[in-house]
Amino acid sequence: MKPLIRLSLDIRGAVQGVGFRPFVYRLASTLQLAGWVRNTSEGVFIEVEGTPDRLEHFRESLYAEQPPRAYIQSLEVKTLDPAGYTDFRILPSLPGQKTALILPDIATCPQCLDEIRDARNRRYRYPFTNCTHCGPRYSIIEALPYDRINTTMRRFEMCPRCREEYENPLDRRFHAQPNACPECGPQLEFVDASGRRPAERDDALEAAVTAIQEGQIVALKGLGGFQLLVDARNNDAVERLRTRKRREEKPLALMAPSLELVERICHVSAPERRLLTSPAAPIVLLERNPSSTGSGVATSVAPGNPTLGVMLPYTPLHHLLMDELRFPVVATSGNVSDEPICTDNDESLRRLNGIADAFLLHDRPIARHVDDSVTRVLAEREMLLRRARGYAPLPVRIGRSLPPVLAVGGHLKNTIAVTVERNVFLSQHIGDLETAAARSAFEHVTADLQTMYDVSPTVVVCDLHPGYVSTQYARRIAPSARSVQHHYAHVLSCIAENEIEPKGLGISWDGTGYGLDGTIWGGEFLRIDGEDFSRFAHFRTFPLPGSEKAVREPRRSALGLLYELWGDGLWSRGQEFLKTRFVASEVRVLRRMLERGFQCPRTSSVGRLFDAVASLLGLRQLCSFEGQAAMEVEFQMPSSDSDHSSGNPQPGSFYPFSYSPPTGKQPEPRNSWLVDWGPAIEDLLRDITEGLPVAQIVSKFHRALCEAMVRMAEESGERRVMLSGGCFQNRHLTEEGVRRLRQEGFQVYWHQRVPPNDGGLALGQALAGAFRKDR
């Protein structure tokens, strides 16, 4: 008889709330092994006893056969003397240091979807059906370990049949913490425009369906907060939603009842199809199909935009609703613009009063707000533009152990991060910190993530900009908080996500970031060398008349660009430009500002360069949302540019920049390369005058930027290049930049699971927090 041994296994990762313990129980029972498994605040702990060959099979099967939503991040094994176990059991959870991974909220699985559509099933049409493979996680958990008593479901006492499922290790709902049914779980309630509550349960769902069919705006309490729903075919209803929500032109997301309908409305590639139907079920930016017929999506959903942000139903409630409607609906965040989404019933009735015509409520509390994530496929990879439901708060794994760090992110698209050993836990999208409500949500999330993982930070990290709300908060709670330069944090976030050593050339392009020299950076080439960085190169600066006003008025960026180019000659050479974009009184004021340098900060920003080009081309003079002008330049790119050739760009296919090496001979010595856009803008203006099609001009501009990437990478001598910053949300810029850099032999890294925009800043800040001084 073979001798018995005992293994002690400590498993860290996404192993709670995914059916991992019943999987271990079934595996051990099948192999006739004895021992036990339990949840801890760190992960899952197993002691298992048997013969060496069966234990080896057990270890191999933990990886090979683990549940589909599980993720084993680390597995530590010790061999011990046998303890004499006689059977295998699942033991109660133990508290401890909080390092277990909390799973994001997961879309409805096929088995649960079958049940809610089966009239013979006891969960038929029950909108809160879930199991260990799907359902709410992050939005309901209040503490670790992930047990029902630590979730917002603790108020719902399970009926005998649900209790039996919950306690049966062989059942798919074993320890599914949100487990419930129509007899014992949460229920729906409908509230109409007059405040009456005429319907409950399934009748409430039917009332919401009718309201949407009649063109009403319905506020639906979803997984991580409220959504505003309206018939996407009804232009008047969509315009009414825009007016009430104060969202003038920014695209609105769609929810479609089926993948088949999405494929009629939009072009859907295989990677995009996988994203739409994945457990994360994010919003996916898709190219519209101009030849589609019968979609009927109102022009006001995404005016002037060749793409649509589309998602599929991801909860039983959404599936039931869309099964009834069978047409696409706008499904946008339940808030007024620049405020966090509502999560509480009473709060929604107060804050959304005057926006929504009716409310579809339920009584399952939401522990924290979680927006819908936004993604796009770029260079045949998924790129997150907003990281929230389906992704947060899964960590980014770092190659070194970090001290306890709190990183508070930036001012726009804010997220925060905390570190636990080698994990950086990035919060869900919080948003722009422009309002008191947004600032309150920021502070709540900051406290919540620290409490969740029991983190007492020894280092607090913030942006270098002293005016950011997040920076001021960091200074208030930790006067010695470390400042990290904005674009350096961008590059570090790309380095962290791609799990590479901090060495190479970081290309960080965006709209605004406070520079080390007091100017506004945004067109940066940073040399990264371990814990140090230097500004290897940057774009030529130009003034922004009116400072922050220029962010919303591309015409001001163009004016500053032309003044930098022509000086006082602008007032004679630029008469046509001035007359078509400003009234005479504005020109007088702006001229004085530029000539005196009053409220005209200088910037190297590529984002503002895009804005200036948008104005010069007559595409956009005033913006109603951040990044609008740059988006409209991107939209002008000819579709043929997506089919990249393998050859080098031909002369004349891109605008020329000039390049000046560092010099100490000038009155104000430069210690970095200067990329001068002057020759490019002169040629661009000539092409406008000569009537060259806008698509060709935009193509030449994009290619010029990509050639600048290649030139500076070559001059740097680095072979590794990292791309980060909001400009790299632009598909054409990123894809062509990656292609050209690879063509010239560079290793190129860009973002996938962490946004390239300011939503990724906190990750880079957290990594910088392990360094010894401000950067």
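This report concerns the structure included in the present document. These numbers come from a predicted model, not from an experiment. (Residues numbered from 1 in each chain as written. Predicted model: local features only at pLDDT ≥ 70, side-chain atom pairs only at ≥ 80, totals over all residues. Heavy atoms only, no water.)

Things to note about the packing of helix α13 (residues 486-497) against helix α24 (residues 761-768)
At a minimum axis distance of 7 Å, the contact between α13 and α24 shows a crossing angle of 90°. With respect to each other, α13 and α24 are oriented roughly perpendicular. Along the contact surface, α13 presents His486, Ala489, His490, Leu492, Ser493, Ala496 and Glu497, while α24 presents Leu761, Leu763, Gly764, Gln765, Leu767 and Ala768. Here the contact of α13 with α24 is composed, by residue class, of seven nonpolar, five polar and one charged. (Axes fitted to C-alpha atoms, helices over the stretch in contact; angles between N-to-C directions. Helix = DSSP H or I, 4+ residues; strand = E, 2+ residues; numbered from the N terminus. Parallel < 35°, antiparallel > 145°, perpendicular 65-115°, else oblique. Contact = heavy atoms within 4.5 Å. Nonpolar A, V, L, I, M, F, W, Y, C, P; charged D, E, K, R; others polar.)

Quick notes on the sheet that holds strand β16 (residues 381-386)
Reading across the sheet, the eleven strands line up as β7-β6-β14-β8-β9-β13-β10-β12-β11-β15-β16 and stay open at both edges, with mixed pairing between neighbours. Strands at the two margins of the open sheet, each flanked by one partner only, are β7 (199-200) and β16. In terms of strand pairing, strand β6 (residues 188-191) meets β7 through two bridges, oriented antiparallel. Paired with Phe190 across the strands is Ala199, a residue of β7. Its contacts with the sheet put helix α9 (residues 316-325) on β6, β8 (218-221), β9 (226-231), β10 (254-255), β13 (329-333) and β14 (358-362), and the angle it makes with β8 is roughly 145°. (Pairing = 2+ DSSP bridges.)

Let's talk about the nonpolar core
If you look at the biggest cluster of nonpolar residues, it comprises 168 residues, and the most contacted ones within it are Phe20, Ile46, Phe58, Trp509, Phe539, Phe657 and Leu723. A per-element tally of this core places helix α22 (residues 694-716) first, with eleven residues. If we ignore the near neighbours within four places in the chain, the residues touching Leu723 are Cys494, Ile507, Met709, Phe728, Val738, Leu741, Val748, Tyr749, Trp750 and His751. Within the second largest apolar cluster, 42 residues are counted, among which are Val191, Ala237, Leu254 and Ile265. (Core = buried A, V, L, I, M, F, W, Y, C linked by side-chain atoms within 4.5 Å. Buried < 20%, exposed > 50% of the residue type's maximum accessible area, 1.4 Å probe, protein only.)

Description of helix α5 (residues 201-213)
Given a rise of 1.5 Å per residue, 13 residues ought to cover 18 Å, and the 19 Å separating the end C-alpha atoms of α5 matches this to within 8%. Every buried residue of α5 is accounted for by Ala204, Leu205, Ala208, Val209, Ala211 and Ile212. For α5, the buried positions fall inside an angular range of 165° around the axis, keeping them on one side. Following α5 by one or two positions, Gly215 has its phi on the positive side, about 90°. (Expected span 1.5 Å × (residues − 1). Arc of directions from axis to C-beta.)

Topic: the packing of aromatic side chains
Counted by the stated rule, this structure contains 16 aromatic pairs. On the numbers, 5.6 Å between centres and 65° between planes, the contact of Phe20 with Phe23 is edge-to-face. Of this pair, Phe20 and Phe23 both sit in helix α1 (residues 20-30), separated by three residues, roughly a single helical turn. An identical accessibility class is assigned to Phe20 and Phe23; each is buried. Relative to Phe525, the ring of Trp509 has its centre 5.9 Å away and its plane inclined at 80°; by these criteria the two rings are edge-to-face. Here Trp509 is found in strand β23 (residues 503-514), whereas its partner Phe525 is found in strand β24 (residues 520-529), with 16 residues between them in sequence. (Phe/Tyr/Trp six-rings, centres within 6.5 Å; stacked < 30°, edge-to-face > 60°.)

A word on the environment of Gly760
Checked against the element boundaries, Gly760 lands in the loop between β31 (747-749) and α24. According to the relative accessible area criterion, Gly760 is buried, its value standing at 0%. When the C-alpha positions of Gly760 and Pro282 are compared, they lie 17 Å apart, and in sequence the two are 478 residues distant. Among residues more than four places away in sequence, those in contact with Gly760 are Ser493, Val754 and Pro755.

Some thoughts on the pairing of β14
Taking burial as the measure, the five residues of β14 include five buried ones, the bulk of the element. Here β6 pairs with β14 via four bridges, running antiparallel. Directly across from Glu189, in β14, lies its bridge partner Leu361. As judged from the three bridges shared by β8 and β14, these two strands associate in the parallel manner. Note that in β14 the partner of Ala219 across the bridge is Phe359.

Some remarks on the environment of Ser278
Residue placement: Ser278 occurs in the loop between α8 (270-276) and β11 (283-287). The buried category is assigned to Ser278, whose relative accessible area is 18%. It is 9.2 Å that separates the C-alpha atoms of Ser278 and Gly390, two residues lying 112 residues apart in sequence.

Some details on the side chain of Asp448
Mapped onto the elements of the fold, Asp448 is located in helix α11 (residues 436-452). With relative accessibility at 15%, the residue Asp448 sits in the buried group.

Comments concerning the environment of Glu634
Along the chain, Glu634 turns up in helix α20 (residues 628-635). Glu634 gets classed as buried once you look at its relative accessible area, which sits at 10%. Note: C-alpha distance between Glu634 and Ala614 (20 residues apart in sequence) is 9.6 Å. Those residues within four positions of Glu634 in sequence are excluded, and the remaining contacts are Arg376, His702, Asn730, Arg731 and His732. Within the structure, the side chain of Glu634 is placed 3.1 Å from the backbone nitrogen of Arg731, a separation counted as a polar contact. (Polar contact = N/O pair within 3.5 Å; in protein donor to acceptor, adjacent residues only side chain to side chain.)

Let's talk about the sheet that holds strand β22 (residues 482-484)
Taken in spatial order, the six strands line up as β17-β20-β19-β18-β21-β22 in an open sheet, and their pairing is mixed. Only two strands of the sheet have a single neighbouring strand rather than two, namely β17 (395-397) and β22. On average, each strand axis in the sheet is inclined to that of its neighbour by 25°, with strand direction left out of account. As defined by bridge partners, strand β18 (residues 405-407) adjoins strand β21 (residues 459-463) across three bridges and the pair is classed as parallel. Looking across to β21, one finds that Val405 is bridged to Val459. Lying over the sheet, α11 contacts β18, β19 (417-420) and β20 (423-426), oriented at roughly 10° with respect to β19. Strand contacts of helix α12 (residues 469-477): β18, β21 and β22, with the helix running at about 155° to β21, the strand carrying the most contacts.

Quick look at the pairing of strand β15 (residues 374-378)
Judged by how many residues are buried, β15 sits mostly within the fold: five of five residues are covered. The alternating pattern of β15 places Val374, Arg376 and Leu378 and Thr375 and Val377 on opposite faces, both of which are buried. Strand direction decides the pairing type here: β11 and β15, joined by two bridges, are parallel. Along β15, the bridge assignment pairs Val284 with Thr375. For β15 and β16, the ladder comprises five bridges, and the chain directions are antiparallel. Among the inter-strand pairings, Val374 is bridged to a residue of β16, identified as Arg386. Here β15 folds back onto β16, and the loop between the two strands holds two residues, one of which, Ala379, carries a positive phi near 55°.

A short note on the pattern of salt bridges
The tally for this structure, following the rule as stated, stands at 52 salt bridges. Two residues, Glu206 and Arg125, come together in a salt bridge whose shortest N-O distance is 3.1 Å. Remark: Arg125 occurs in the loop between α3 (110-116) and α4 (160-167) and Glu206 occurs in helix α5; sequence separation between them is 81 residues. Assessed through its relative accessible area of 17%, Arg125 is described here as buried. Residues joined in a network through salt bridges with shared partners are Arg125, Asp202, Glu206 and Glu324. (Salt bridge = Lys/Arg side-chain N within 4 Å of Asp/Glu carboxyl O.)

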